Amino acid sequence: MSNQTILVTGASRGIGAAIARELAAAGYNLALVARSAEPLEKLAAELNNENVTAKAWPGDISDHDTAERIVKEVHKEFGSIFGLVNNAGVTQDGLFMRMSPENWKKPIDINLNGTFYFTRAVAPIMMRQREGRIINISSVIGLTGNAGQANYAASKAGIIALTKSVAKELGGRGVTANVIAPGFIATDMTEDLPEKVRTEMLGRIPLKRFGEGKDVAGVVKFLLSEEASYITAQTLVVDGGMIA
Ligand code: NAP
């Protein structure tokens, strides 16, 4: 069992909650971040046991001061931060020709800027420790683009470029940075898609099923493991073969 600490954003539901459950089962201590306090507190209570300490840190990741404060408090509470999983994310879909600057900015502020704020805040801690794992959740849409998702695609492509740059700057201090690009994972984010779109997407997935949170969570666990210590600046696509 590990007693290293991992900070997971967007942990209140969906892929983030699946990551938290997977890592708690592997013995990691957890700092759980999302805006809504109630589901976070509930999850923390579920995951706490004699081997694992899980605590909730409610907050909006698109606020720089909040990110700095949370990382500081988590570091004080646990004494070290081995891993950061930047998972929180939103969509704000709309056709490009009708996209207002406000709609453009929302996924950039949360997905890309939030990832920057948390990565920037943990970097000095990990560099001092001379070890650390940064895992950023992008999307296949960040690699392919998608009609109706120019803002989301740009935010997710930005995460890939940010991660590669961070990997190059921090590698000398024993810190790795990698991206996971999920395909279609069944969560609240994908629940509202019309049946026609779901059927069409399923037809494009060689493994003939939608992904589940645990499909992504298992890869996060691997990237935190000793076996993954020589992997950095990479993007692992977890999509059942969809964009191959
Ligand atoms: P989800 O079910 O909608 O969950 C999103 C999580 O992010 C929630 O915990 C939410 O909590 C948190 N969040 C959103 N905005 C936040 C903010 N400003 N500050 C703090 N937390 C915030 O989404 P999901 O499907 O699990 O997606 C997780 C990640 O995977 C996202 O980055 C998404 O882009 C990516 N992804 C998902 C899929 C998919 O098919 N589902 C595919 C590719 C990539 P609160 O609302 O309480 O803040």
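Details of the structure are given in the entry above.
Heads up: these notes are all about the structure in this document.

Rules of the game
Residues numbered from 1 in each chain as written. Predicted model: local features only at pLDDT ≥ 70, side-chain atom pairs only at ≥ 80, totals over all residues. Heavy atoms only, no water. Near = heavy atom within 4 Å. Polar contact = N/O pair within 3.5 Å; in protein donor to acceptor, adjacent residues only side chain to side chain. Areas by Shrake-Rupley, 256 points an atom, 1.4 Å probe, with all protein chains shown as cover. Pairing = 2+ DSSP bridges. Helix = DSSP H or I, 4+ residues; strand = E, 2+ residues; numbered from the N terminus. Axes fitted to C-alpha atoms, helices over the stretch in contact; angles between N-to-C directions. Contact = heavy atoms within 4.5 Å.

**Things to note about the site of the ligand**
Around the ligand sit 30 residues in total, of which Ser12, Ser36, Asn87, Tyr152 and Thr187 are the nearest. Contacts to the ligand include Arg13, whose side-chain N or O atom sits 3.2 Å from an oxygen atom. A distance of 2.6 Å separates an oxygen atom of the ligand from a polar side-chain atom of Tyr152. Coverage of the ligand by the protein chains reaches 96% of its 890 Å² of free accessible surface.

**Describing the sheet that holds strand 2 (residues 29-34)**
Taking strand neighbours across the sheet as the criterion, the seven strands line up as 3-2-1-4-5-6-7 in an open arrangement whose pairing is parallel. Among the strands making up the open sheet, the edge pair consists of strand 3 (54-58) and strand 7 (235-238). Between one strand and the next, the sheet's axes are offset by a mean angle of 15 degrees, whatever the strand orientation. Relative to strand 6 (residues 175-182), strand 5 (residues 132-137) is paired through six bridges, and the arrangement is parallel. Pairing of Ile135 across the sheet is with Asn178, part of strand 6. In this fold helix 2 (residues 37-47) packs onto strand 2 and strand 3, with an angle of close to 170 degrees to the strand it touches most, strand 3.

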